[in-house]
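Per-entry structural report
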Amino acid sequence: MTTRDIVLVALFAAIMIVLGLIPPVTLGFIPVPITAQSLGPMLAGCIIGARRGAASMLLLLLLVAIGLPVLSGGRGGLAVFAGPTAGYLVGWVVGAFVTGLIAERFVREGQKEVLQLAAFLGAAVIGGILVNYLFGLAWLAHMSGKAFLEVSLASAVFLPGDLLKAAIAALAGRAVLAGYPLLHQRA
Amino acid sequence: MLNGLDIEGRTLLHRLPVRGKLVLLFTAAILLFLTSDLRILGPALAAAAVLFLSTGIGLREAFRRVRFVLFTVALVAAANYVFVSPREAAAVLCRLSALVLLAAAVTATTGIPAFMDEVARLLAPFERLGLVRAADVSLAVGLVIRFVPEILARYGEISAAHKARGLPVRPLTLLTPLVILTLKDADTIAMAIDARGFRRH
């Protein structure tokens, strides 16, 4: 990685921390507030690509592990990784990587806006939701003992919110690509 | 702005080397999953709680730190209570809570610099393979801590600009300017780092 890549990775991790510090934002049309931080892996993949995106998520988790309260709600420390939902955090890294891979491959700068949006959305859904759930549920199954099937099914309540986040990440990814393209520069 | 979660003190846990604490934590994690016997898991939970509180953290702060993780543990235990058996629920509750408290105890007794030193040592084998440079990781950590206050101030400006125009702060109208304004600085920062020769080979 070049110095610029390292700076981009660090700045993106810093943005994620700020998104965890600010109060949750409410969307206009639904009453549920969303913590912008959980958009992280999808945004990282869509904006700075696979390698740098995954690196910035890894950096964020490193900061959590060494005892900085950088997750939303001031959470941090090794205790976060000991809980039953830690798999979702590890999934952030791989999720960002997969999102980035798909976005890098299928989004082109000269493309029509609709195509770009569709590619970003697909990337965010596959990387940010599918891959993330894979890791999250595997860990949850290990941690939750014999009731893992029921616990896994219950986590489906987060699916609508996550689909909404994927849509936001896709729109933001396209807007940043139009304003300050970084996705296709080699990491 | 960003303060670590370590509590100052001179307890046994404070004086133990970081690697020793991590090895103990991993061993405890493995052992806790090997048994479902409440006669072992119950005392283990009590011991973990005592250990966490013995770091001098204070009951309020201790609870504030682990409440969210313990809440998810309670949910998982509740599912076991409803779908499996009260015994299994108690085992899951004791096992996971003990693990969470032990991990919190390690965090409370280890300062950021000590942790970073250990991270650098753990990265050494990867560095020899040419995969990552420990100095780069330290640089990135430093950059994050340096830039969080600045980005937070930028968020304040963007939300003030929203207010001035009578707009509500929405995720999209917030994220795009925040990301673009922040990442645009990357070139200047990278040049400043290279000009100072931080990454000389």
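Residues numbered from 1 in each chain as written. Chains lettered and ligands numbered in written order. Predicted model: local features only at pLDDT ≥ 70, side-chain atom pairs only at ≥ 80, totals over all residues. Heavy atoms only, no water.

1. Some details on the interface of chain B and chain A
The condition that has to hold: Contact criterion: two residues are considered in contact whenever any of their non-hydrogen atoms come within 4.5 Å of each other. Two parts lose some accessible area (1.4 Å probe) when they are put together, and adding that loss for both gives the buried area. One side-chain nitrogen of Lys or Arg within 4 Å of one carboxyl oxygen of Asp or Glu is enough to make a salt bridge. Nitrogen and oxygen atoms within 3.5 Å of one another constitute a polar contact, given that in protein one can donate a hydrogen and the other can accept it, and given that sequence-neighbouring residues count only through two side-chain atoms.
With 63 residues of chain B in contact, the opposing surface of chain A contributes 64 residues. Here chain B packs against chain A, burying approximately 5300 Å² in sum over the two surfaces, 83% of which is carbon and sulfur. Across the contact surface, chain B and chain A share 1 salt bridge. Between Asp187 of chain B and Arg4 of chain A there is a salt bridge, and its shortest N-O distance comes to 2.4 Å. Where chain B meets chain A, there are 8 residue pairs in polar contact (both at pLDDT 80 or more).

2. Description of the domain arrangement of chain B
Applied cut-off: Here the limits of each domain have been adopted from an automatic or database domain assignment.
When cut into domains, chain B gives domain 1 (12-114) and domain 2 (133-195). Domain 1 of chain B and domain 2 of chain B are separated by 36 Å when their C-alpha centres are compared.

3. Re the UniProt feature "transmembrane region" (unreviewed entry) in chain A
All names here are of chain A. Selection rule: UniProt positions are given in the numbering used here, feature names are shortened, and annotations may be inferred rather than shown by experiment. Only DSSP runs of H or I covering at least 4 residues are called helices, and only runs of E covering at least 2 are called strands; the numbering of each starts at the N terminus.
Feature annotation in UniProt places "transmembrane region" (unreviewed entry) on residues 6-32, 53-72, 78-102, 114-143 and 163-183, given in this structure's numbering. Across residues 53-72, the secondary structure splits into 65% helix and 0% strand, with the terminal C-alpha atoms separated by 19 Å. In this annotation, residues 78-102 is assigned 84% helix and 0% strand; the end-to-end C-alpha distance for the span is 32 Å.

4. Topic: the packing of aromatic side chains
In this description, a pair of aromatic rings is defined by centroid distance and the angle of the planes. Under the convention used in this document: Stacked, tilted and edge-to-face are the three classes applied to pairs of Phe, Tyr and Trp rings, where Trp contributes its six-membered ring and a pair requires centres within 6.5 Å; stacked means planes under 30 degrees apart, edge-to-face means over 60, and tilted covers the rest. For a lysine, the NZ atom is tested; for an arginine, the CZ atom; a charge sits over a ring if that atom is within 6 Å of the ring centre and within 35 degrees of the ring normal.
Counting across every chain of the model gives 1 aromatic pair over all chains. Geometry around Phe106 of chain A places Arg105 of chain A over its ring, the cationic atom sitting 5.8 Å from the centre. Cation over ring: Arg146 of chain B sits above Phe147 of chain B, and NZ or CZ is 4.5 Å from the ring centre.

5. Some words on empty space enclosed by the protein
Convention followed: A cavity here means a set of points on a 1 Å grid, drawn over the protein atoms and nothing else, where a 1.4 Å probe fits but cannot get out; a pocket is an open set with protein on both sides within 12 Å along at least five of seven lines, and a residue lines either one if it has an atom within 4 Å of a point. Grid points are joined across faces, edges and corners, and a volume is the space filled by probe spheres set on the points. Residues are grouped as follows: Ala, Val, Leu, Ile, Met, Phe, Trp, Tyr, Cys and Pro are nonpolar; Asp, Glu, Lys and Arg are charged; every other residue, Gly included, is polar.
As enumerated under the stated definition, the model contains 3 cavities of 30 Å³ or more in all. As for the largest cavity, its lining consists of Gly74, Arg75, Gly76, Gly77 and Ala79 of chain A together with Leu5, Phe52, Arg65, Val66, Ala104 and Thr107 of chain B. For the lining of the largest cavity, the secondary-structure elements that each account for two or more residues are α4 (59-83) and α5 (86-108) of chain B. Taken together, the residues of the lining of the largest cavity break down into 5 nonpolar, 4 polar and 2 charged.

6. Side note on a nonpolar patch on the surface
Residues and elements named next belong to chain B. The following threshold applies: Only residues above 30% relative accessible area that lack a salt bridge enter a patch, with like-charged residues linked at up to 9 Å and the nonpolar side chains Val, Leu, Ile, Met, Phe, Trp and Tyr linked at up to 5 Å. Per-residue and other accessible areas were derived by the Shrake-Rupley procedure at a 1.4 Å probe size, with only the shown protein chains allowed to occlude residues. Burial here depends on accessible area, computed with a 1.4 Å probe over protein chains only, as a share of the maximum for the residue type. Under 20% is buried, over 50% is exposed, and the range in between is partly exposed.
Residues Tyr81, Val82, Phe83 and Val84 make up a contiguous nonpolar surface patch of about 420 Å² in total accessible area. Along the chain, Phe83 falls in helix α4. Taking relative accessible area as the criterion, Phe83 reaches 48% and is therefore assigned partly exposed.

7. Section: the nonpolar core
Put simply, the rule reads: Residues belong to one nonpolar core when they are buried, are Ala, Val, Leu, Ile, Met, Phe, Trp, Tyr or Cys, and are joined through side-chain atoms within 4.5 Å.
Membership of the largest hydrophobic core comes to 118 residues, with the highest contact counts inside it found for Phe12, Leu59 and Ile66 of chain A together with Phe52, Val144 and Leu183 of chain B. Those residues in contact with Leu59 of chain A that sit more than four places away from it in its chain are Val9, Ala10 and Ala13 of chain A together with Ala140, Val141 and Val144 of chain B. Ranked by size, the runner-up nonpolar core spans 10 residues in total, among them Val107, Phe120, Ala170 and Leu183 of chain A.

8. Some details on the pattern of salt bridges
Residue and element names in this part refer to chain B. Inspection of every chain in the model, using the stated rule, returns 13 salt bridges over all chains. A salt bridge links Arg121 to Glu118; the nearest nitrogen and oxygen atoms lie 3.6 Å apart. One end of the pair, Arg121, and the other, Glu118, are both in helix α6 (residues 112-128), 3 residues apart, so they sit about a helical turn from each other. Residue classification places Glu118 among the buried residues on the basis of a relative accessible area of 3%. Via salt bridges that share partners, Arg19, Glu118 and Arg121 belong to a single interconnected network.

9. A few points about the packing of helix α1 (residues 3-21) of chain A against helix α2 (residues 40-48) of chain A
Residue and element names in this part refer to chain A. The following threshold applies: Axis definition: a line fit to C-alpha positions, over the contact stretch in the case of helices; interaxial angles, taken between N-to-C directions, run 0 to 180 degrees. Left-handed describes a crossing whose near helix is turned anticlockwise from the far helix through less than a right angle; right-handed describes the clockwise counterpart.
Two elements in contact, α1 and α2, have axes whose closest approach is 11 Å; the angle formed by their N-to-C orientations is 150°. You can see that α1 and α2 cross each other, and the crossing is right-handed. Touching Leu8, Phe12 and Met16 of α1 are Gly40, Leu43, Ala44, Ile47 and Ile48, all from α2.

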